[in-house]
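Examination of the molecular architecture
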Amino acid sequence: MSLAPPTTAYDLELLKTSPARGTDRDHGWCYGLPPGIAESQWPLSPYDGFPMQPCFTLKLPEQYRTKGADYVALTMFADQQHDEPGEIETIAEYLASETLERPANPDLLPFWTYKQNRHPMEFRMKDIIDHNFAAIWLTAAEFTGPLCQPPRLAGNALLQANPPPPWLEKGSARAVFDLHVGSYDSVDEIVNKYWYRLFGCVPEIGHHAYGIAMSKRDGDPNVGRPPRDKLLHKDELGAYVPPYSKEAEAFELERLSGRNHLGGTMFPCQWTPKYSATYLEIEEHFGGFNFGGGNAQLDLATMEFDWACG
C-alpha cells in the first residue's frame, strides 16, 4: 500500500502509569503483554526457541498505517536482549524449513503449532549481529482484545541448554530494571538512577505495562520527508534537512534529539538508513531493548529494522 507522505510527526513518551485501555488516550504501552493474538501466534525465537520478549504495542495515527486502514496498531517482540543464549540448531533448522508435516519429536510440536498458526500480519526482521525481531500488525478489534499470555514451554527438552529468559517470570519491565540497577539495600540508594527515575518506582514482578503518551510535534521541517544523511541539492525545496547540518541551525533541531517519535527528523547514533517518511524511531527504554546505548529505527512501509550503538 502506498500512502501519501505524512503531514504530522508525533512524539511518544513512556508514562509511569498503566495504559488507558479503551479510552481516547489509549495509544498503547511498553512492556506488558500483546493484545488480540492467540498463544499459538506468539512469535518464537528461531535462535533459542523461547517465546520472544514483548517490547511495545503502539496504536498508530492514520497517516502511519502503512498496511491499510484495517491495521491500526503494531506489537513488537525481540530475542533475548541482554543474555547470550546458545543457538538450538534443531529448532533453528526446523523453523527455517518448509516442512508442513507434524513432527515425530514431541518437543518440536510447539514449533509446528506456531508454524501452522503464524499471524498473517507477522513480519520478521534480523539485525546485523543476527538477533531476531518480530512485529505483528493488529486490527482495531485485536488492539482492544484480551492480553495474550506467553506460551508455556517448561519441560521442553530442546530448551534445557539455556536458562529461561528472566522476563518470562519477572515481566519485561522488572527484568530490564534488575539488569541495569543491580543489587541494592534500600530504595534510597537508587532513587537517582536512570531506570528508577524512568519508572518512578521499582517495577512489580509480573507482566505490568506502562502507557504511551502521544503528542503532535511542532516546528520540525522534516515531516513527510524521507531521512537522508545529507542534502542531495543544497537549494532544493522540500529536501530533508540533516539535524547536524548548517541548514539545520535555523530550526534548532537538536532540541528534538533523544525522543521516541513517528516521522520527522531522525537522530540515528551512527548512519542514517534510507527509510521512508513513515518511520518509527525508539530509544532503548521503549520496551527494554539493548541497542548498545544507541537507538533504533523501523520503516513502517517496508518493515525494515535497524539500530546502532551510541
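The coordinates are above.
As a starting point, this report considers the structure included with it. Predicted model, so just to flag it, every value in this text is computed and none were measured.

Description of the pattern of salt bridges
One pass over the full model with this rule turns up seven salt bridges. When the shortest N-O distance is used, the salt bridge between Arg-124 and Glu-122 registers 3.3 Å. Note that Lys-170 is salt-bridged to Asp-178, the shortest N-O span being 2.8 Å. Taken together, the shared-partner salt bridges connect Asp-11, Arg-217, Asp-220 and Arg-259 into one network.

Topic: the pairing of strand β3 (residues 53–59)
Here β3 lies mainly inside the structure; six of its seven residues are buried. Across three bridges, the pairing between strand β2 (residues 28–31) and β3 is antiparallel. From the neighbouring strand, Gly-28 faces β3, where its bridge partner is Leu-58. Bridge count for β3 against strand β4 (residues 71–78) is six bridges, and the pairing is antiparallel. Along β4, the bridge assignment pairs Lys-59 with Ala-73.

What to know about unusual backbone geometry
The phi dihedral of Tyr-31 is positive, around 60°, even though this residue is not glycine. In this structure, Tyr-31 sits in strand β2. On the basis of relative accessibility, which here comes to 1%, the residue Tyr-31 falls in the buried class. With phi around 50°, Glu-252 is a residue other than glycine that occupies positive phi space. Mapped onto the secondary structure, Glu-252 falls in the loop between β7 (209–217) and β8 (260–262). On the basis of relative accessibility, which here comes to 55%, the residue Glu-252 falls in the exposed class.

Side note on the nonpolar core
With 44 residues, the main nonpolar core has Tyr-31, Phe-56, Phe-199, Leu-262, Leu-298 and Phe-305 as its most contacted residues. Discounting chain neighbours no more than four positions away, the residues touching Leu-262 are Ala-9, Tyr-10, Leu-12, Leu-60, Pro-61, Tyr-64, Met-214, Tyr-279, Leu-280 and Leu-300. Membership of the second largest hydrophobic core comes to 30 residues, among which are Trp-29, Leu-33, Cys-148 and Leu-158.

Things to note about the sheet that holds strand β10 (residues 295–299)
Pairing is antiparallel across the open sheet formed by eleven strands, whose spatial order is β5-β6-β4-β3-β2-β7-β1-β8-β9-β10-β11. Because the sheet does not close on itself, it has two edges, and the strands there are β5 (122–126) and β11 (304–308). Ignoring which end each strand starts from, the neighbouring axes of this sheet average 20° apart. Bridge count between β10 and β11: five bridges; the pairing is antiparallel. Within β11, the position partnered with Ala-296 by the bridge is Trp-307. In the packing of helix α5 (residues 172–181) onto the sheet, contacts are made with β2, β3 and β7, and the angle to β2 comes to roughly 45°.

Calculation criteria
- Residues numbered from 1 in each chain as written.
- Predicted model: local features only at pLDDT ≥ 70, side-chain atom pairs only at ≥ 80, totals over all residues.
- Heavy atoms only, no water.
- Salt bridge = Lys/Arg side-chain N within 4 Å of Asp/Glu carboxyl O.
- Buried < 20%, exposed > 50% of the residue type's maximum accessible area, 1.4 Å probe, protein only.
- Helix = DSSP H or I, 4+ residues; strand = E, 2+ residues; numbered from the N terminus.
- Pairing = 2+ DSSP bridges.
- Core = buried A, V, L, I, M, F, W, Y, C linked by side-chain atoms within 4.5 Å.
- Contact = heavy atoms within 4.5 Å.
- Axes fitted to C-alpha atoms, helices over the stretch in contact; angles between N-to-C directions.

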